[in-house]
Amino acid sequence: MNKKYIVRLTDEERAVCETTVKNEKGKSEKLRRAMILLKADADGPGWKDEKISEAVGCRVQTVENVRREFVLQGFDAALVRKKRTTPPTPKLLDGAGEAKLIATRLGRPPAGYGHWTLRLLADQLVELEVVDSISPETVRQTLKKTA
């Protein structure tokens, strides 16, 4: 079967990949991508995707994705994975919600309690209808971030 995305590295790109493989330590994603590009180079070894995936220790789909990124988006995009622009889950507390949390934390705790706990703060935010539901861990992370 003919490959749709053929990798042809220039001398400079090949040199960058070789120095990355030579200098990187551990199981870096950049290291893996550089090795994939070197092995998939049509002017070099030109290995098949299955053989590359066995040698590098990844799935065949990963090799195909790196090939596609190289052809469609260029060498830099194929070597370094792009960062997400948005988090996988939206933030529960916006600026107003964080301000409400801090104001609650600085106020007096409910009757019968000596101090605010994370669970009490989470329950209070739900009672005040700041959020529909929130975990004490989210409250902790927000307080730690603003402290």
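Computed from a predicted model, the values in this text were never measured in an experiment. (Residues numbered from 1 in each chain as written. Predicted model: local features only at pLDDT ≥ 70, side-chain atom pairs only at ≥ 80, totals over all residues. Heavy atoms only, no water.)

This paragraph deals with the overall build of the protein. The number of helices and strands found in the protein is eight helices and zero strands. Starting at the N terminus and ending at the C terminus, the protein contains elements arranged as α-α-α-α-α-α-α-α. Relative to its length of 147 residues, the protein is extended, with a C-alpha radius of gyration of 25 Å against a globular reference of 15 Å. C-alpha extents for the protein along the principal axes are approximately 75 × 30 × 25 Å. Per-residue burial over the protein gives 28% buried out of 147 residues. Long-range contacts, defined here as pairs at least 24 residues apart, represent 53% of the contacts in the protein between residues at least 6 apart. On the protein, roughly 10400 Å² of surface is accessible, and the fraction owed to carbon and sulfur atoms is 51%. (Helix = DSSP H or I, 4+ residues; strand = E, 2+ residues; numbered from the N terminus. Rg over C-alpha atoms; globule rule 2.2 N^0.38 Å. Buried < 20%, exposed > 50% of the residue type's maximum accessible area, 1.4 Å probe, protein only. Contact = heavy atoms within 4.5 Å. Areas by Shrake-Rupley, 256 points an atom, 1.4 Å probe, with all protein chains shown as cover.)

When two helices pack together, you describe them by how their axes are tilted relative to each other and by the distance separating the axes. Axis separation between helix H6 (residues 95–106) and helix H8 (residues 136–146) bottoms out at 11 Å; the angle between their running directions is 85°. Classified by the angle their axes make, H6 and H8 are roughly perpendicular. Side by side, H6 and H8 meet where Glu98, Leu101, Ile102 and Arg105 of the first sit next to Val139, Thr142, Leu143, Lys145 and Thr146 of the second. Considered class by class, the residues forming the contact of H6 with H8 number four nonpolar, two polar and three charged. (Axes fitted to C-alpha atoms, helices over the stretch in contact; angles between N-to-C directions. Parallel < 35°, antiparallel > 145°, perpendicular 65-115°, else oblique. Nonpolar A, V, L, I, M, F, W, Y, C, P; charged D, E, K, R; others polar.)

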